[in-house]
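Architecture at a glance
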Amino acid sequence: MNAEFLSDKSLSGVGEKIFQINEQNEQEKNWLASLQSKYLEIRGPCLECEYRQFLTELRSLLRREFLDVSVVSVKDLLEWKESSTVDISVKCQEMARQNQRQIYRRILTGRFKFTPPTINDPQSHIHLQDNTGSITCKVTDSVRHSLLSAGENWCVLSSWRLVVAEAGAIYIKVKKLIQEQSAKKARRKICALSTPDVSVLLQQKGKLPTSGLNVFAEIRSISEVLRIKDDLVVLIELDNNVFIIIKDRVYLHWSELLSPQTEVVLTNLLPTTLYKGSQQEMRVLVPWKQSDILCPEMESITVLSLPDWLKQTPGISLSEQLTPLSCARQGELCTYKGEITNADLESFGIYQLDRTVWLILSGLPFTHYKEDLHLGTCLTIYNCHMCAFKEFPKICIIGCLSTSVRVTQFSSSQPLTRVLSPSVFIKNWLWRYSVSELTVFQFARFLISLNKKFKNILTCSQIDWILEKFATYRTDLPKRNYTKEFLATPHRCFMWKKESENKSAVFLPAVPACSDIVFDSAVIHRLGYNIIQNLRTVENLNTDLYWLHHCQEKDTVTVLMGYIHFCPDTGRVLLMDDTGGQRCLIMRGGDVGHCSLSALAGCLVAIKNYQVVFERFQICQYPNYDSYGKLKYIRNSSEDVYLMVSSSDVEILLKNKRPEEGSMDRVLCCVVHKESLLTEGISSGKPSLRFTAFGYFLDDTCSEVEIHDFVNDALGYWSERYRADDLMESDTEEQRQRASLMEHKILLFRDSAARWYEAIQPGHVYWFSSTEKLVPISTKHSLKLLKKAEKQAGGKTCIRVPSDLWVSEKLLSFKCQHKKCPLCKNTCVLSKISEIKKESFQYRMVSLEGRIKSRRHLSADNPLYRSRVNFPSDSTLCVSTLENRTICLTVTGEDPEEELVIYMTLNNISYPLGLLPGHVIRLCNLERKVSRQGSVYCQYVVISTVQVLEVQTQPPLTISEEKETKESLWERSSLHQLCEIWRQPDLSAMQCVCHIHKITTIALKSTCNNCSTVICNGQCENPLCDPGHGTKFSASA
């Protein structure tokens, strides 16, 4: 055969014979003409044998359906502007019609070339070339093996996909290729050694000739391209602890060709010594001149034994005592195949496989992050660590330097365009230092929890900042040596395995989701059982069993993270994330440096210390907070769960974007008093929340000194008015001099504006911002309960704040030198319990601080009032109410012997959280009363407020060590009503036989139907109550 290039006419004749073109069929003739024209454009002048072989391969692929198939060049691909899928099989065409998905039938042919990595671009690329250009390729693991035998030969791509990225990058994903048979070279005869013999030869490297070795071996592991100082290195491990180190950039592309568990022939490898003269001295192989990787099926390979090789290589004498190194594989390494089902944390090298297993590649020091690990991609992970943990994530696959990740099937979905860069935290710690297995687990758990709580909200840089903030580092961490890690025998990677070293080097706390914060029901059942078993008197029955509570301490190091939300349906603080929400009680002490609650609105916060509180009531109503906003509610529940948090343990991570102040009207307001959070409209079927606050609108040009002095005067003025016996007739000369303090405003917060109840506190200055102006409205069109407040304010009007109100506190940096300044000390005028109980005490309204000694649940005074009014099913109100129960608190002062009883009848008032024994509380504006027996007690009224200052929970059950007598037992039992013993729902009804010893007293009382204040002379003693309140008569024995 003459090696002459053929003309177009000769090529046409070859094509007509192979495809059996009918001369009368113009469509087939035109198709053949376009085919040969495109073929010459792609390959240039060619020989008859090359064209004939190409058509033969094409004919075997297309069979008879070839008219809708076209051949494209690389130049055509580079000019396309949209992604497309190509497959010439008829089966794929039928599937495309069923799925209504277009699959093109185009043939692509070319040669594969490899671009070695450089310092600027440390990634080895595979390119497909023809005479028109070159395009980048991404291949599957099966195609990767076919490239070994392709070499410089032309290949036909029958299944591939063109990907056009938004940034302008274009590449193809190759699924199937066929090598042209005629282009294959004759089989070469190559003699090679097995890895056991090579292992023996490396032990006597000094006696070997300078010529290279041919090795027939199975690839055990291969590393990614590593950057070691200024060099790029690829490490390969064969059987019998034979290692190959590739440092020459000409051969760095071997990392794209080779895969573990593949047999190859490596030619012309030269032995060398690492760490020569040291204790870590090691013999390895390196590629030399004209080294190559050959596929055993494509060549004629003869594996010589060591004696036969020595015969062919004279002048070498080896020691007979040498034996090959052990080739036993480490049982701790495994191979896993799976599909990527979650790639949200790909910047941190974390993927979810098969919706169950988590792949952690964070410890691999990639020179470039793999960009083909998309959602839906099928992978094979060679030489990975399979780790099981008791906590989530329970099954993890951790990659080390020996791990290789190969794509077995590309994702069918359109990949997202993104430029991945490794996390700064990973670069600084996991890539530089050796850590424990527990550390890697905690790192993955931390990130997976953040992604679950705040999906697609936090950026990579923000997560890095959070990682640095909560990570605890050890100072004695050993630095990583990539080469020693890979060459270590037995396997020893960056993760510690010894028990003595199994300590967390970088400790990260657990971050539970809001939906995972639940109370252990077994604890409350066990507490109830223990109470019943240890109950010796009926006295503790009502306190400890009928109204059971428990505080659950966290048993592990955890940090709560979430967004602070002021809920309009509860008037409380919610900690929320993407999984749900949890109600919080944020306690603020008397310290000056407390955190402003209004500043937490919408902020991402972290809470280090907290308690999960469980309370079991007789009656309460509230929706399920895990389903907040989804109209899923639990009706008539007798349990409540919330979080108790101190303001000092709340740390702002990301501040909220406040509304633009340019488009909003702002008012500077000083709040001097706040009433309780009330529920209204229950009987009308439209329940809602409201509260009122008294304040003064200030000039925003005032200095901090002027604001400080005015607020102090206002607090003193209102303290005197509330403590006075007659609020309306007090008209002293001093009050006339402070007439400006009477020009206050009554602010009405209703509906969505009621969410700021916890944020607004008396004695603080706030900016009120809204798109609507704070226009006063007549109280005649407002609530009836504000009529007395209007009269007290001198007939002044009240203001209903807009629903889009935004509250932000103005913190005063000025601090006066007065030690008892209520504004600087964040307190109010308080009275001691010992002073309140004295007969000489003259004030009717008191404020105090104390520790809760005990609490009880008393029945309502009026039996007719015990009928409950349920909220309508379409209501979103989320508050707990105690319509037919009264709370009785016993509070102690500085002296534990001093006690004061406080009654709280919360008919229309939202149940305050945190009223647990042992807690320090501050009660303001209580009504002091004296019983007929001369005992002093206090009544919680509408204008009263309660605040938890300190947590010191006592055990729910205290067993008295005093010896009880039968008479004292009956005496105590007669003072309390009998109640149902708490039990599990599956138990049958219990019966109790009781004996009424005697009735001691009968109490008659007439109280206000609205605020529960005692009626004297036919009028309610509460000056802020509505005159048409109505009365109720009660009697108890």
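Since the structure is predicted, the reported quantities are computational estimates derived from the model, not experimental observations.

**Side note on the overall build of the protein**
Scanning the protein for helices and strands turns up 20 helices and 53 strands. Across the 1037 residues of the protein, 52% fall into the buried class. Look at the contacts in the protein between residues 6 or more apart in sequence, and 75% of them connect residues 24 or more apart. In the structure as shown, the protein presents an accessible area of about 49,200 Å², 49% of it carried by carbon and sulfur atoms.

**Here's the deal with helix α6 (residues 141–150)**
Within α6 the residues assigned to the buried category are Asp141, Val143, Arg144, Leu147, Leu148 and Ala150. Considered in projection along α6, the buried side chains sweep an arc of 165° and stay on one side of the axis.

**A short note on the nonpolar core**
Judged by nonpolar contacts, the single largest core of 57 residues is most densely connected at Phe112, Leu157, Ile172, Ile236, Leu258, Leu285 and Trp309. Looking at this core, the element that brings in the most residues is strand β6 (residues 155–164), giving five residues. Not counting chain neighbours up to four residues away, the residues in contact with Ile172 comprise Leu77, Leu108, Leu128, Ile135, Thr136, Cys137, Lys138, Leu157, Trp160, Arg161 and Leu162. Core analysis: the second largest hydrophobic core is formed by 56 residues, Leu270, Val286, Ile463 and Leu604 among them.

**Brief notes about the confidence of the model for the protein**
Caution is warranted with low-pLDDT regions, since their predicted coordinates should not be read in detail. In the predicted model, the protein carries a mean pLDDT of 76, and 72% of its residues have values of at least 70. Counting contacts from residues 536–546, a segment whose pLDDT is below 50, to residues more than four positions away or on other chains yields 36 contacts. Segment residues 589–593: pLDDT under 50, and seven contacts once partners within four positions in sequence are set aside and those in other chains are kept.

**Let's talk about the environment of Glu180**
Turning to its location among the elements, Glu180 is positioned in the loop between β7 (170–179) and β8 (189–194). The buried category is assigned to Glu180, whose relative accessible area is 2%. Taking the C-alpha atoms as reference, Glu180 lies 6.8 Å from Gln53; in sequence the two are 127 residues apart.

**Describing the side chain of Ser436**
Of note, Ser436 is situated in strand β23 (residues 435–436). On the basis of relative accessibility, which here comes to 0%, the residue Ser436 falls in the buried class. Within the local environment of Ser436, its side chain forms a polar contact with the side chain of Thr439, the two groups lying 2.9 Å apart.

**With respect to the pairing of strand β4 (residues 125–130)**
With five of its six residues buried, β4 lies for the most part within the structure. As paired strands, strand β3 (residues 106–115) and β4 are joined by five bridges and run antiparallel to one another. The partner of Phe112 across the bridge, within β4, is Leu128. As defined by bridge partners, β4 adjoins strand β5 (residues 133–139) across five bridges and the pair is classed as antiparallel. By the bridge assignment for β5, Asp130 is matched with Gly133.

**Structural notes on a negative patch on the surface**
A contiguous patch of negative charge, built from Asp699, Asp700, Glu706, Asp709 and Asp713, is present on the exposed surface. A residue is classified by how much of its surface remains accessible, and Asp713, at 40% relative accessible area, is partly exposed.

**Comments concerning the side chain of Asn240**
Looking at the secondary structure, you find Asn240 in the loop between β12 (231–238) and β13 (242–246). Assessed through its relative accessible area of 5%, Asn240 is described here as buried. A distance of 3.0 Å separates the side chain of Asn240 from the side chain of Thr195, its partner in a polar contact.

**Quick word on the packing of helix α11 (residues 437–453) against helix α12 (residues 460–470)**
It is at 12 Å that the axes of α11 and α12 come closest, and there the two elements cross at 135°. Classified by the interaxial angle, the pair formed by α11 and α12 is oblique. The crossing of α11 and α12 is right-handed. When α11 is examined against α12, the residues Phe443, Phe446, Leu447 and Leu450 are found in contact with a partner set consisting of Ile463, Ile466, Leu467 and Phe470. Split by residue class, the contact of α11 with α12 holds eight nonpolar, no polar and no charged.

**Topic: the packing of aromatic side chains**
Inspection of the entire model under this criterion finds 18 aromatic pairs. When the ring of Phe389 is compared with that of Phe441, the centres are 4.2 Å apart and the planes differ by 25°; the resulting orientation is stacked. With a gap of 52 residues between them, Phe389 in the loop between β20 (378–388) and β21 (395–398) and Phe441 in helix α11 connect regions that are remote in the sequence. Residue Phe389 is classed as buried on the basis of its relative accessible area of 16%. Owing to a relative accessible area of 4%, Phe441 belongs among the buried residues under this scheme. Judged by centre distance (5.8 Å) and plane angle (5°), the ring pair of Phe425 and Phe443 falls under stacked. Here Phe425 is found in helix α10 (residues 424–430), whereas its partner Phe443 is found in helix α11, with 18 residues between them in sequence. Phe443 carries the same exposure label as Phe425, and that label is buried.

**Things to note about the packing of helix α2 (residues 26–43) against helix α3 (residues 48–62)**
Where α2 contacts α3, the two axes come as close as 12 Å, and the packing angle between them is 125°. The orientation of α2 with respect to α3, classified from their angle, is oblique. The handedness of the crossing between α2 and α3 is right-handed. Across the interface between the two elements, Trp31, Leu32, Leu35, Gln36, Tyr39 and Arg43 from α2 touch Glu50, Tyr51, Phe54, Leu55, Leu58 and Leu62 from α3. Within the contact of α2 with α3, the residues separate by chemical class into nine nonpolar, one polar and two charged.

**A few points about α2**
For α2, with 18 residues, the first-to-last C-alpha span of 26 Å sits near the 26 Å given by 1.5 Å per residue. Of the residues making up α2, those classed as buried are Glu28, Trp31, Leu32, Leu35, Gln36, Lys38, Tyr39, Ile42 and Arg43. Looking straight down α2, one finds that the buried residues subtend no more than 165° of arc, so they occupy a single side. Residue Gly44 follows α2 closely and has a positive phi angle near 80°.

About the criteria used
Residues numbered from 1 in each chain as written. Predicted model: local features only at pLDDT ≥ 70, side-chain atom pairs only at ≥ 80, totals over all residues. Heavy atoms only, no water. Helix = DSSP H or I, 4+ residues; strand = E, 2+ residues; numbered from the N terminus. Buried < 20%, exposed > 50% of the residue type's maximum accessible area, 1.4 Å probe, protein only. Contact = heavy atoms within 4.5 Å. Areas by Shrake-Rupley, 256 points an atom, 1.4 Å probe, with all protein chains shown as cover. Arc of directions from axis to C-beta. Core = buried A, V, L, I, M, F, W, Y, C linked by side-chain atoms within 4.5 Å. pLDDT = per-residue confidence, 0-100. Polar contact = N/O pair within 3.5 Å; in protein donor to acceptor, adjacent residues only side chain to side chain. Pairing = 2+ DSSP bridges. Patch = residues over 30% accessible without salt bridge, like charges linked within 9 Å, V, L, I, M, F, W, Y side chains within 5 Å. Salt bridge = Lys/Arg side-chain N within 4 Å of Asp/Glu carboxyl O. Lys, Arg positive; Asp, Glu negative; His and termini not counted. Charge placed at Lys NZ, Arg CZ, Asp CG, Glu CD. Axes fitted to C-alpha atoms, helices over the stretch in contact; angles between N-to-C directions. Parallel < 35°, antiparallel > 145°, perpendicular 65-115°, else oblique. Left-handed = near helix turned anticlockwise from the far one by under 90°. Nonpolar A, V, L, I, M, F, W, Y, C, P; charged D, E, K, R; others polar. Phe/Tyr/Trp six-rings, centres within 6.5 Å; stacked < 30°, edge-to-face > 60°. Expected span 1.5 Å × (residues − 1).

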